[in-house]
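Working through the structure, step by step
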Amino acid sequence: MTEESWGQVRDELLKSVGKNNFSTWIEPLKLAELKGGIARVEAPTKFMRDWVSRNFAEQIRQHLEKAGEAVERVEFHVASQRTATAKPSEPRARRTSRGQSRNNDDIDLPGAPLDARFTFDSFVVGKPNELAHAAARRVAEGGPVTFNPLFLYGGVGLGKTHLMHAIAHELQARHPDLRVLYLSAEQFMYRFVQALREKQIMDFKEMFRSVDVLMVDDVQFIAGKESTQEEFFHTFNALVDQNKQIVISADRAPGEIKDLEERIKSRLQCGLVVDLHPTDYELRLGILQQKVEFYRGQYPGLKLANGVLEFLAHRISTNVRVLEGALTRLFAFASLVGREITLELAQDCLSDILRASDRKVTIEDIQRKVAEHYNIRLSDMIGPKRVRTIARPRQVAMYLAKTLTTRSLPDIGRRFGGRDHTTIMHGVRKVEELKATDSQLAEDIDLLRRLLDR
Ligand SMILES: Nc1ncnc2c1ncn2[C@@H]1O[C@H](COP(=O)(O)OP(=O)(O)OP(=O)(O)O)[C@@H](O)[C@H]1O
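The numbers attached to residues start from 1 for each chain and follow its sequence in the written order. Given that this is a predicted model, residues contribute local features only at a pLDDT of at least 70 and side-chain atom pairs are listed and counted only at 80 or more, while totals for whole chains, interfaces and linings are drawn from all residues. Side-chain figures throughout are based on the complete set of non-hydrogen atoms in the structure, without hydrogens or water.

**Here's the deal with the overall build of the chain**
The helix count covers DSSP runs of H or I at least four residues long, the strand count covers runs of E at least two residues long, and both are numbered beginning at the N terminus. Secondary structure summary: the chain contains 21 helices and 10 strands in total. Split into buried and exposed, the 454 residues of the chain put 47% on the buried side. Accessibility throughout is a Shrake-Rupley quantity obtained with a 1.4 Å probe, and a residue counts as covered only by protein chains that appear here. For the chain, the accessible area works out to roughly 22800 Å², and carbon and sulfur atoms hold 48% of it. Throughout this description, buried means an accessible area under 20% of the type-specific maximum (1.4 Å probe, protein chains only), exposed means over 50%, and partly exposed covers the range between.

**Concerning the packing of aromatic side chains**
The criterion for an aromatic pair is that two Phe, Tyr or Trp rings (for Trp, the six-membered ring) have centres within 6.5 Å, with stacked assigned to planes under 30 degrees apart, edge-to-face to planes over 60 apart and tilted to the rest. Going through the model one piece at a time under the given rule, you end up with 11 aromatic pairs. For the pair Phe 188 and Phe 204, a centre-to-centre distance of 5.6 Å together with 65° between the ring planes defines the contact as edge-to-face. Highlighted residues: Phe 188 in helix H7 (residues 185–197) and Phe 204 in helix H8 (residues 201–209), separated in sequence by 16 residues. According to the relative accessible area criterion, Phe 188 is buried, its value standing at 0%.

**Concerning the packing of helix H12 (residues 308–315) against helix H13 (residues 320–337)**
Look at H12 against H13: their axes get within 11 Å of each other, and the N-to-C directions meet at 145°. For the pair H12 and H13, the crossing hand works out as right-handed. Two secondary-structure elements touch here, H12 through Val 308, Leu 309 and Leu 312 and H13 through Leu 323, Leu 327 and Leu 330. Taken together, the residues of the contact of H12 with H13 break down into six nonpolar, no polar and no charged. Every axis in this analysis is a line fitted to C-alpha atoms, fitted for helices over the stretch in contact. Angles between the N-to-C directions lie between 0 and 180 degrees. Take the far helix as the reference: if the near one is turned anticlockwise from it by less than a right angle, the crossing is left-handed, and if turned clockwise, right-handed. Contacts are assigned to residue pairs that have any heavy atoms within 4.5 Å of one another. Under this grouping Gly is polar, as are all residues other than the nonpolar Ala, Val, Leu, Ile, Met, Phe, Trp, Tyr, Cys and Pro and the charged Asp, Glu, Lys and Arg.

**A closer look at helix H20 (residues 421–437)**
Multiplying one less than the number of residues by 1.5 Å gives the expected span of a helix. In a regular helix each residue adds 1.5 Å, so 17 residues correspond to 24 Å; H20 covers 25 Å between its end C-alpha atoms and thus fits that length. Within H20 the residues assigned to the buried category are Ile 424, Met 425, Gly 427, Val 428, Val 431 and Leu 434. Next to the buried residues of H20 lie helix H18 (388–404), helix H19 (409–415) and helix H21 (439–452).

**Here we look at the site of the ligand**
Near residues are defined by distance, with any heavy atom within 4 Å of the molecule or strand qualifying the residue. By nearness alone, 18 residues border the ligand, and Val 124, Lys 160, Thr 161, His 162 and Glu 324 come closest of all. Two N or O atoms form a polar contact when they lie within 3.5 Å of each other; inside protein one atom must be a possible hydrogen donor and the other a possible acceptor, and for residues adjacent in sequence the pair counts only when both atoms belong to side chains. Contacts to the ligand include Val 124, whose backbone N or O atom sits 2.8 Å from a nitrogen atom. Interatomic distance of 2.7 Å between a side-chain N/O atom of Thr 161 and an oxygen atom of the ligand. Isolated, the ligand exposes 640 Å² of accessible area, and the fraction of that covered by the protein chains is 92%. Each domain span listed reflects an automatic or database assignment of domains. There are two domains that each give the shell around the ligand at least three residues, and those are domain 2 (130–275) and domain 3 (281–357).

**What to know about the sheet that holds strand E8 (residues 213–217)**
Two strands are counted as paired when DSSP detects at least two bridges linking them. The sheet built from five strands is open, its strands ordered E7-E8-E9-E6-E10 with parallel pairing. Strands at the two margins of the open sheet, each flanked by one partner only, are strand E7 (180–184) and strand E10 (272–276). Recorded for the sheet is a direction-independent mean angle of 15° between the axes of neighbouring strands. Running at roughly 135° to E10, helix H5 (residues 130–141) makes contact with strand E6 (150–154), strand E9 (245–250) and E10 of the sheet. Sheet strands in contact with helix H6 (residues 160–174) are E6, E7, E8, E9 and E10, and its direction is about 160° off that of E8.

**Some thoughts on helix H16 (residues 363–374)**
Here H16 is 12 residues long and its end C-alpha atoms lie 17 Å apart, about the 16 Å a rise of 1.5 Å per residue gives. Along H16, the residues classified as buried are Ile 363, Ile 366, Gln 367, Val 370 and Ala 371. Considered in projection along H16, the buried side chains sweep an arc of 125° and stay on one side of the axis. Packing partners of the buried residues in H16 comprise helix H17 (378–382), H18, H19 and H21. Asn 375 occupies a position one or two residues after H16 and carries a positive phi of about 60°. Throughout, the arc means the angular range of directions from the helix axis out to the C-beta atoms.

**Description of the packing of H20 against H21**
The contact between H20 and H21 brings their axes to 6 Å, and the two run at 115°. Between H20 and H21 lies a crossing of left-handed hand. Seen from H20, the contacting residues are Val 431, Leu 434, Lys 435 and Thr 437; seen from H21, they are Ser 439, Leu 441, Ala 442 and Ile 445. Partitioned by chemical class, the residues of the contact of H20 with H21 number five nonpolar, two polar and one charged.

**A few points about the pattern of salt bridges**
For this analysis, a salt bridge means a side-chain nitrogen from Lys or Arg found within 4 Å of a carboxyl oxygen belonging to Asp or Glu. A complete count under the given rule lists 23 salt bridges for this structure. With its nearest N and O atoms 3.2 Å apart, the salt bridge here joins Glu 364 to Arg 415. Taken together, the residues span a long stretch of sequence, with Glu 364 in helix H16 and Arg 415 in helix H19 at a distance of 51 residues. The partly exposed category is assigned to Glu 364, whose relative accessible area is 34%. Residue classification places Arg 415 among the partly exposed positions, given a relative accessible area of 28%. The salt bridge partner of Arg 415 is Asp 411, with a shortest N-O separation of 3.6 Å. Linking Arg 415 with Asp 411, this pair stays in helix H19, spanning four residues, or about one helical turn. A single salt-bridge network, built from bridges that share partners, covers Glu 364, Arg 407, Asp 411, Arg 414 and Arg 415.

Here's what the structure looks like:
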């Protein structure tokens, strides 16, 4: 099948699935092969592959048939490494390890695929993420580098990856000549190990130093991996020296990443460090309202009763991924049974998610339970007393707050009478150490954990 006829199929799909669906789901697809009645279609991500395969497979097959191809089955695969890069318009000459002259645009960037849905347009801004969003927007303008690196951190599913992809999309749209490389820290390590194995370390170094913007997601992954850290450190320094923008994300602040070399921590802290706070009710509601727009397109005619979104925003206060999952399930279920989405339906169909969210422990619960257990006053938990009979239970509560909630150390510090995050870190470490030798303390913690985590 020629490019031209795949083009015809796409034109037909544009008509049948609508502009929004087309640009989100169909446009990024590539027809890789058509042989023996099987069409092999490539999608840029696993998520898109699954979605397209579930929702558009039959339509694609039919349009292929209409275009004159005998197609029995359409198979979807994840494309092998599309990079998040565009070619520079004026390539600069560089020297390779072998001494030949080579252009930057000859150097293949091993970036991870970008999710087409993760754009600034689809990112809902609220109090908890407004600073992170503003910083990301600034970097995405692609002007002179004002802070380097931009370090985004926050708990699971709060939008770090979404913001990073949005930066990359925007940079590509505004400055197609920039070489933007986005990848996870795990992929960085994998590439590094591969380069070592294949004795191509100079090529690896050259490739990473040839980018204009480097974005590394989930950097906590390289903690404790010595040689990868070392290489990352050098790459980082080389790019900063050339005034190239770096964007990093992690699940916690640089200073809190265990087993990360001090010099890397301090380098990471040099730019702008911003956190994505846990969502609040308004933000969750905003996100739900935005996603509902999308689902209305997917399931036309499905009715949504008043108050359902408010109920979900109120009851599901964990991460956004869980919130999205709940909505996806709700719409899919309602469309299967052909019923309006009401509060009852939501309670029925999401009972497991709602139950899990109910179990969320707050720092206040922890302080109360620990105070009760050790028979001390709740006010002493946050007060200044340093006698051991009070300081130890307080440290136990700090430890439980760190392990049972997703709160950051500074946040925990604030709730313990405005203590510094280093005090909390010290308390957490102390309890970790003592637990190993003091069986009574270990038992206490076990019991408290069970009481709290019900
Ligand atoms: N403010 C937001 N507006 C719209 N969607 C959001 C927002 N925050 C998060 N999401 C959505 O929630 C999901 C999880 O977000 P994302 O993958 O970016 O989280 P993360 O912080 O990188 O999590 P992890 O730590 O697990 O890597 C994505 O589908 C993302 O689009």
